[in-house]
Amino acid sequence: MRRFLLLYATQRGQAKAIAEEISEQAVAHGFSADLHCISESDKYDLKMERAPLVVVVSTTGTGDPPDTARKFVKEIQDKTLPADFLAHLRYGLLGLGDSEYTYFCNGGKVIDKRLQELGAQHFYDTGHADDCVGLELVVEPWIAGLWAALTKHFRSSGGQEEMSGALPGISKASLNSDPVKPPLLHIGSQVELLRLDDSGRQHSEVLEQNETNRGQTNGLIEDFESSLIRSKPPLSQASLSIPALPPEYLQVHLQESLGQEESPASVTSADPVFQVPISKAIQLTTNDAIKTTLLLELDISKTEFSYQPGDAFSVICPNSDLEVQNLLHSLQLTDKREHCVLLKIRADTRKKGAALPQHVPERCSLQFLLTWCLEIRAVPKKAFLRALADCTRDSAEKRRLQELCSKQGAGDYNRFVRDASACLLDLLLAFPSCQPPLSLLLEHLPKLQPRPYSCASSGLFHPGRLHFIFNIVEFASNATAVVLRKGVCTGWLATLVASILQPNTQASPADGREALAPKISISPRATNSFHLPADPSTPIIMVGPGTGIAPFIGFLQHRAKLQEQYPEGNFGAMWLFFGCRHKDRDYLFRDELRHFLQRGVLTHLKVSFSRDAALQEEEAPVKYVQDSLQLHGPQVARILLHEKGCLYVCGDAKNMAKDVNDALVEIISKEAGVDKLEAMKTLATLKEEKRYLQDIWS
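Residues numbered from 1 in each chain as written. Predicted model: local features only at pLDDT ≥ 70, side-chain atom pairs only at ≥ 80, totals over all residues. Heavy atoms only, no water.

**Q** Would you explain the overall build of the protein in this entry?
**A** A count of helices and strands for the protein gives 19 helices and 24 strands. Taking all 698 residues of the protein together, the buried fraction comes to 51%. Long-range pairs, those at least 24 residues apart, make up 78% of the contacts in the protein with a sequence separation of at least 6. About 31,900 Å² of surface is accessible on the protein, with carbon and sulfur atoms providing 50% of the total. (Helix = DSSP H or I, 4+ residues; strand = E, 2+ residues; numbered from the N terminus. Buried < 20%, exposed > 50% of the residue type's maximum accessible area, 1.4 Å probe, protein only. Contact = heavy atoms within 4.5 Å. Areas by Shrake-Rupley, 256 points an atom, 1.4 Å probe, with all protein chains shown as cover.)

Written as structure tokens, this is what we have:
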């Protein structure tokens, strides 16, 4: 077997799943993948590595490589390394990102650039997959082309070139050192794909059913549109290329339980977990606001949890109890919800390196498993749909699931599954004859992730307390019928604090109320750079509409205490650009901000109201924070370009962060008298210098 080193750097499991897919496919192509997380530096050594390297790298919301890659990046960024340190290395890299964020695929780009600076060369061109339109549009053809690139590499390097398993179609003339380019989008490897029209008897009944249906429905085609449960021509009449069935590898046994104690803390976490009471809950918005924003105060005084303004932390949350009950009902397992889940690897599995999922505690109950361990709201990937199709009795339902995971049905998958945020429960309701075994859920559903929140306070200002704010997220699930769902964590928190919730006043909780304070589990998140400058004389600009204001409240509280402690200190200007819809409904922290302004802690407060055109606090009407920034372009440019100031942006990545970035390009271009490309380079430099910092989310 021709060996290659396969590393993944993952934040939420996407890169790991793709790397595992590459590893599984490798065997069929005559290769052996040596698979490791990039953080497992004791298991590989790039300096000594002579085999080709394949890397799959995701990107965090701030445009950085994932936390698992921090140590790796720090090591390769060492300025003392010689320029030929990795000159022996040949590699291919697949970057994962989301073009809704300003720094698309930057995690992969950072590693890619540095490997080349150290002399490493591509044997296969880099791929950049975009989660905004569907990772698979790039991932699938990139993997499909990888095998030819590896084959060419082994041939041209003279190593085991006569080995069987080489792909056809590579001429000797092409065996030079130029990297192979990935194939065009949508070209799939014939090894991966199963042709339904010539796949033998096992699928003949589907095709026969399809032929029968064709005659019956041709006259009705115009009467309906496509939906999750049905397609229309040409897809409904197409022969399909569907992925190969992922190998099963888990065996599940349900055993009557002895009723042992279960705790969310038993779900494995790399970070320490603290159980803390919610000491206060305040509704910051009025009842007629479009979004409801809550502030929660956590009592961390009896823990070793510490933070500084700008930090984030994670809340460990459960799935909706109602959704768990509905899922148990669909799986016909309601009567076994208290049973103990026993897992082991199937003896006959074909999955290479099969391992028990680490996020499932030993001997937990089925109810606990679905509540605390699995992300049941996750959008099912095509491999999961492929497996579900084989668990579906009704031939029409089976055909539709096959369409949704097929190459031909990519558009329908994006529209009705991915973009509609359909989850497993939606699919089981839409396709009632689908009865997957519990093992399939454990093989395909990812770990239930803790939800991150920005700290909205300063430990100096509120000793022993931690504040955070959030909107109660509500969205419609249109997968089967329009169902209003709440965010997994925000919906749970809102229900949890309903009995202690106060209106937006500074009143303390009523006597005895604190005794009822519910507890939640939290864990710290790896420190980032989103902190106040070390030098307090550095001027700063803060841009945070809506709940994006959270870390800046912490900044202002911290600065207020420092100015109290050092009245003769030299403190730089603090600009805040805040935006909301209505001045009288969702102007968060209005009284606190005006107080900071009066005390001179906050030197400039610029607020825009997108739905109150007549009530602007600016000299000229502006709707959004980016308009307000442009209105004060000369001052913004002066702070960033001449006073070595810092700019912080917090909030929505999809629109706001992009619009703010575009506004900054315009400002720098205009005020510095340079073209837009030069302005973009200036912003990139500011980011490298940690003077343009983002804490953004989708």
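**Q** What should I look at first to understand the sheet that holds strand S24 (residues 692–697) in this one?
**A** Within a sheet, adjacent strands bond to each other through the backbone by hydrogen bonds, running parallel or antiparallel. Pairing within the open sheet is parallel, and its five strands lie in the order S22-S21-S20-S23-S24. Here the strands that pair on one side only, and so sit at the sheet edges, are strand S22 (604–609) and S24. Averaged over all neighbouring strand pairs, the angle between strand axes comes to 10°, with direction disregarded. For strand S20 (residues 540–543) and strand S23 (residues 646–652), the ladder comprises four bridges, and the chain directions are parallel. Within S23, the position partnered with isoleucine 540 by the bridge is cysteine 646. (Pairing = 2+ DSSP bridges. Axes fitted to C-alpha atoms, helices over the stretch in contact; angles between N-to-C directions.)

**Q** Explain the pairing of strand S10 (residues 274–283) here, please?
**A** Where a strand is regular, its side chains alternate between the two sheet faces. Within S10, eight of the ten residues are buried, leaving the element largely enclosed by the surrounding structure. The pairing of S10 with strand S19 (residues 519–524) spans four bridges and is antiparallel. Its bridge partner lying in S19, phenylalanine 274 is registered against isoleucine 522. Bridge count between S10 and strand S11 (residues 293–299): five bridges; the pairing is antiparallel. Within the sheet, the bridge partner assigned to lysine 280 lies in S11 and is glutamate 297. The pairing of S10 with strand S18 (residues 501–502) spans two bridges and is classified as parallel. Bridge pairing in S18 places isoleucine 282 opposite glutamine 502.

**Q** Would you mind going over the packing of helix H1 (residues 14–28) against helix H4 (residues 136–156) with me for this structure?
**A** Any two packed helices are characterised by how steeply their axes cross, that is the angle between the axes, and by the distance between the axes. Packing of H1 against H4 leaves a shortest axis separation of 11 Å and a crossing angle of 35°. As H1 runs across H4, the sense of the crossing is right-handed. When H1 is examined against H4, the residues Ile18, Glu21, Ile22, Gln25 and Ala26 are found in contact with a partner set consisting of Val139, Trp142, Ile143, Leu146 and Trp147. Partitioned by chemical class, the residues of the contact of H1 with H4 number eight nonpolar, one polar and one charged. (Left-handed = near helix turned anticlockwise from the far one by under 90°. Nonpolar A, V, L, I, M, F, W, Y, C, P; charged D, E, K, R; others polar.)

**Q** When you look at the nonpolar core in this model, what are you seeing that I'm missing?
**A** Where a protein is soluble and globular, its nonpolar side chains tend to be buried together. Grouped together as the largest cluster of nonpolar side chains are 79 residues, with contacts concentrated most on Leu298, Phe313 and Ile522. For this core, the element with the highest residue contribution is helix H7 (residues 366–373), accounting for six residues. Apart from the residues lying within four places of it in its own chain, the contact partners of leucine 298 are Val276, Pro277, Ile278, Ser279, Phe313, Gly464, Arg465, Leu466, Phe468, Ile520 and Ile522. In terms of nonpolar packing, the next biggest core, distinct from the first, is built from 33 residues, Phe530, Met574, Leu593 and Phe596 among them. (Core = buried A, V, L, I, M, F, W, Y, C linked by side-chain atoms within 4.5 Å.)

**Q** Explain unusual backbone geometry to me, please; I cannot follow it from the model alone.
**A** Excluding glycine, residues mostly carry a negative phi; peptide bonds, for their part, are mostly trans. Omega for the peptide link from proline 233 to proline 234 comes to 5°, which places this bond in the cis form. The topology assignment puts proline 234 in the loop between helix H5 (204–217) and strand S8 (241–243). A positive phi angle, close to 50°, is found at serine 421, a residue other than glycine. Among the secondary structure elements, serine 421 is positioned in the loop between helix H10 (410–418) and helix H11 (424–430).

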